[in-house]
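Examining the three-dimensional arrangement
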Amino acid sequence: MRIARHVEALTPYTPGEQPKSRSVIKLNTNENPYPPSPRITEVLNGFDLDRLRRYPDPNFAELRARLAELNGTVPERIFVGNGSDEVLSLAARAFVEDDEAIGSFDPSYSLYKTLAAIRNVPFVPSPLGPGFTWAEPVTTGANAKVALFLLTNPNAPTSILYPEENIRAFAAKFPGVVIVDEAYADFADHNCMALATAADATNVLVMRTFSKSFSLAGLRLGYCVGPEPLIEALYKIKDSYNVDALAQAVALAALTDVDWMRSSAAKVATTRARMAEELRRRGWDVPNSQSNFLFAKPPAHAGTPAGVERAAEIFEALRARQIFVRYFTYPETKDRLRITVGTDAEMDAFLKAIDEIA
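It should be emphasised that the depicted structure is a prediction, and the values quoted were computed from it without experimental measurement. (Residues numbered from 1 in each chain as written. Predicted model: local features only at pLDDT ≥ 70, side-chain atom pairs only at ≥ 80, totals over all residues. Heavy atoms only, no water.)

1. Quick word on the sheet that holds strand β4 (residues 123-127)
Across a sheet, paired strands are connected by hydrogen bonds in the backbone, their directions being either parallel or antiparallel. Read across the open sheet, the 7 strands follow the order β2-β8-β7-β6-β5-β3-β4; overall the sheet is mixed. The open sheet is flanked by β2 (78-81) and β4, the only strands paired with a single partner. Direction aside, the axes of adjacent strands within the sheet are offset by 25° on average. Where strand β7 (residues 204-209) lies against strand β8 (residues 222-225), 4 bridges are found, and the strand directions are antiparallel. Bridge pairing links Arg208 to Tyr223 in β8. Seen against the sheet, helix α5 (residues 111-119) touches β3 (101-106), β4, β5 (146-152) and β6 (177-181) and runs at an angle of roughly 160° to β4. Most of the contacts of helix α8 (residues 228-237) go to β2, to which it runs at about 30°, and overall it touches β2, β6, β7 and β8. (Pairing = 2+ DSSP bridges. Helix = DSSP H or I, 4+ residues; strand = E, 2+ residues; numbered from the N terminus. Axes fitted to C-alpha atoms, helices over the stretch in contact; angles between N-to-C directions. Contact = heavy atoms within 4.5 Å.)

2. Digging into the packing of helix α4 (residues 84-94) against α5
The contact between α4 and α5 brings their axes to 10 Å, and the two run at 40°. By the criterion of interaxial angle, the relationship of α4 to α5 is oblique. The handedness of the crossing between α4 and α5 is right-handed. For the pair formed by α4 and α5, the contact residues are Asp85, Leu88, Ser89, Ala92 and Arg93 on the first element and Leu111, Tyr112, Leu115 and Arg119 on the second. (Parallel < 35°, antiparallel > 145°, perpendicular 65-115°, else oblique. Left-handed = near helix turned anticlockwise from the far one by under 90°.)

3. A word on helix α9 (residues 245-255)
Most of α9 sits out of view: 9 of its 11 residues are buried. Listed in full, the buried residues belonging to α9 are Ala245, Ala247, Gln248, Ala249, Val250, Ala251, Ala253, Ala254 and Leu255. Of the surrounding elements, those touching the buried residues of α9 are α2 (38-46), α3 (61-71) and α10 (258-281). With a side-chain oxygen positioned 3.0 Å from the backbone nitrogen of Leu246, the residue opening α9 is Asp244. (Buried < 20%, exposed > 50% of the residue type's maximum accessible area, 1.4 Å probe, protein only. Polar contact = N/O pair within 3.5 Å; in protein donor to acceptor, adjacent residues only side chain to side chain.)

4. Concerning the pattern of salt bridges
Going through the model one piece at a time under the given rule, you end up with 19 salt bridges. In this structure, Asp257 and Arg39 form a salt bridge, with 4.0 Å as the shortest nitrogen-oxygen distance. In this pair, Asp257 is assigned in the loop between α9 and α10 and Arg39 in helix α2, connecting sequence segments 218 residues apart. Sharing partners across several salt bridges, the network here consists of Glu278, Arg281, Arg282 and Asp355. (Salt bridge = Lys/Arg side-chain N within 4 Å of Asp/Glu carboxyl O.)

5. Some remarks on the pairing of β2
Here β2 shows a buried face lined by Ile78 and Val80 and a second buried face lined by Phe79 and Gly81. By the bridge criterion, 4 bridges tie β2 to β8 in an arrangement that is antiparallel. Each bridged residue has a counterpart across the sheet, and for Phe79 the counterpart in β8 is Cys224.

6. A few points about the environment of Asp335
Inspection of the secondary structure assignment puts Asp335 in the loop between β10 (323-324) and β11 (337-340). When the C-alpha atoms of Asp335 and Pro299 are compared, they prove to be 9.6 Å apart, with 36 residues separating the residues in sequence. Ignoring anything within four residues of it in the chain, the contact list for Asp335 reads Ala296, Lys297, Pro298, Glu309 and Ala311.

What follows is the structure, encoded as structure tokens:
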């Protein structure tokens, strides 16, 4: 048996922990704390099982038509994938030559670096500015030029929203493809969809997911919008039937009840603002989040053992109390916790635990 050298050498992406118990307070994977639209229950209860013995629509005609209507474009400019992660994986194959590179901001979604390793091309990180703000992206590495730049906006794990004009200016001079990963766009004040739907768009794809605002992380469905040549390239290399019939039906039901999603996102945003204020009152440093999570730095504590980050100490203490948040050990992030915004009751329990730990 022989495994490709680059696969043997790569470090796989590590998803957030998924505890089996439902009694835990789970604030570690940016899932929506509220249920999806009741219309999905109707679809599931009435789904014709006979449809499962036939292959699903490989081109997602109904789903693409609805997505096009909502985003002000045409179905030919929409690609649907088995979660947005599949869109990213296909983009790494479709838009990057073997002697080119993939880039993103640093810190950002850690899967991006793994995708470059899987594709067996260099990864070129772009350091963010002070306070995790926008900085001009790096597009040339030591051995290769960046052909695909992956830009999460609002960014994860920092929660900060970048100005649209900065992204527009960068894309206009960047010779490769820019994917604006808008997993958290429905929690933000603005988005970049216009960059992908514009008649003169050439190199920008805007990507969305059903996992966050639509409360469908367990479904695995995402999509991107952009110029037809880029969309056609993705369709050329996708699996024959990459999104199953049930997922298409559920996603379509969710899209007929966008008001439900918006109401859910608004509740999250309200709780987010309250939580940010409560943590700041306790001495935490909390950037102005435009996502469904906070990226917060706890104040120093005299009782923290030497060589141990305060954030790591709190992470373990919370976990012992069955409250799960996310902690990243990278140098740029090891002093902070990423805290998903849960229900008000869950966040009150989190604050109570923080006060006990302090």
